[in-house]
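Examining the three-dimensional arrangement
The residues making up each chain are set out below.
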Amino acid sequence: MNQDELKKAVAKAALDYVQPGTIVGVGTGSTANYFIDYLAEIKHRIEGTVASSEASAERLRAHGIPVFDLNEVDGVAVYVDGADETTIHRHLIKGGGGALTREKVVAAVARKFVCIADQTKLVDVLGAFPLPLEVIPMARSYIAREMVKLGGRPEWRQGFVTDNGNHILDVHNLKILDPVAMESELNQYAGMVTVGIFARRPADVLLLGTEDGVKTI
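The structure reproduced in this document is the subject of the present report. Along each chain, numbering runs from 1 in the same order as the chain's sequence is written. Totals for whole chains, interfaces and linings use every residue, but because this is a predicted model, local features are given only for residues with pLDDT of at least 70 and side-chain atom pairs only at 80 or more, for both listing and counting. As a rule here, side-chain values cover all heavy atoms of the structure and leave hydrogens and water aside.

Points about the overall build of the chain
The way it works is that DSSP assigns letters per residue, a run of H or I at least four long becomes a helix, a run of E at least two long becomes a strand, and they are numbered from the N terminus. A count of helices and strands for the chain gives six helices and 13 strands. On C-alpha atoms alone, the chain measures out to a radius of gyration of 17 Å, which is about the 17 Å that the 2.2 N^0.38 rule sets for 217 residues. Along the first, second and third principal axes, the C-alpha set of the chain runs to 50 × 40 × 30 Å. Taking all 217 residues of the chain together, the buried fraction comes to 53%. Whether two residues are in contact is decided by their heavy atoms, any of which lying within 4.5 Å being enough. Within the chain, residue pairs in contact and separated by at least 24 positions form 72% of the contacts whose partners lie at least 6 positions apart. In the chain, which carries 23 positive and 28 negative side-chain charges, the distance between the mean positions of the two groups comes to 1 Å. Radius of gyration: over C-alpha atoms. The globule rule applied is 2.2 Å multiplied by the number of residues raised to the 0.38 power. Only protein chains enter the area calculation, which uses a 1.4 Å probe; residues under 20% of their type maximum are buried, those over 50% are exposed, and those in between are partly exposed. Positive charges are assigned to Lys and Arg, negative charges to Asp and Glu, while His and the chain termini are left out of the count. Lys charges are placed at NZ, Arg charges at CZ, Asp charges at CG and Glu charges at CD.

Here's the deal with the environment of threonine 210
Within the secondary structure, threonine 210 is located in strand β12 (residues 205–210). A relative accessible area of 7% means that threonine 210 is categorised as buried. Sequence spacing of threonine 210 and glutamine 119 is 91 residues, and the spatial spacing of their C-alpha atoms is 5.4 Å. Other than its neighbours up to four places away in sequence, threonine 210 contacts Met1, Leu6, Gln119 and Lys215.

Printed below as a string of C-alpha cells:
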C-alpha cells in the first residue's frame, strides 16, 4: 500500500468512533480530508461538525455536511485529525497545515481525540519534523531569537497567514525529550499563540496505517 492508501485506511477506520446524533470535530490536512470524504457517506447520522480550519469547513460544506461554530455547540463527542509526528504515547506534533491553534482548541473540547496517521509519522522522539509555532506578528522576531537560545533553527513561513491572522515559525533541530514540559515552557513566551506540541492533551486513540492493516494504539 502506498502512503495515500494508508491514509485512506485510517480515515475510514475513524468512522467507527463517530456516534449517531453527535457533533464531530474535524481536523485539517490530507488525512483529515479523506476522513471528511468518508464522513459524507454517513452525514445523515450526525448532527453536524466543528472544523479546525476554513479549508476543512469549506470541504465539509461542499459535501453538504453542516458546520457549526464551536461557540454554538454544547460539546464535541469526538475529534478526528491527523498528525505530522506521533509517538506510541500519542504525543503529537501538529501544525504543518498551519491550523494548530484551532486544532488544539477543538481537541481540548472533545470528549475523545482520535489521531489518524500513516506509519511514516510514528517516531521514537518528537522533533525531526520542524515544530510549528503560531505567533502574533509583532512577536515573530523575538520568539525566533528565543528559539535559537534553545538550540533551535526557526524559519518564518513567509507568505502564510493563519486563519487567526498570525504568523508561523517552523523550528528545526529540536529534540523533544519531554513533550509535556516543553509544551508548557514554550507556551509561556509573550506573543506565543500556540505551540504545535499536543502532549498535555494527547490523542486518546491513535489509528496507525501500516502494511499489515490499521493498528489501534
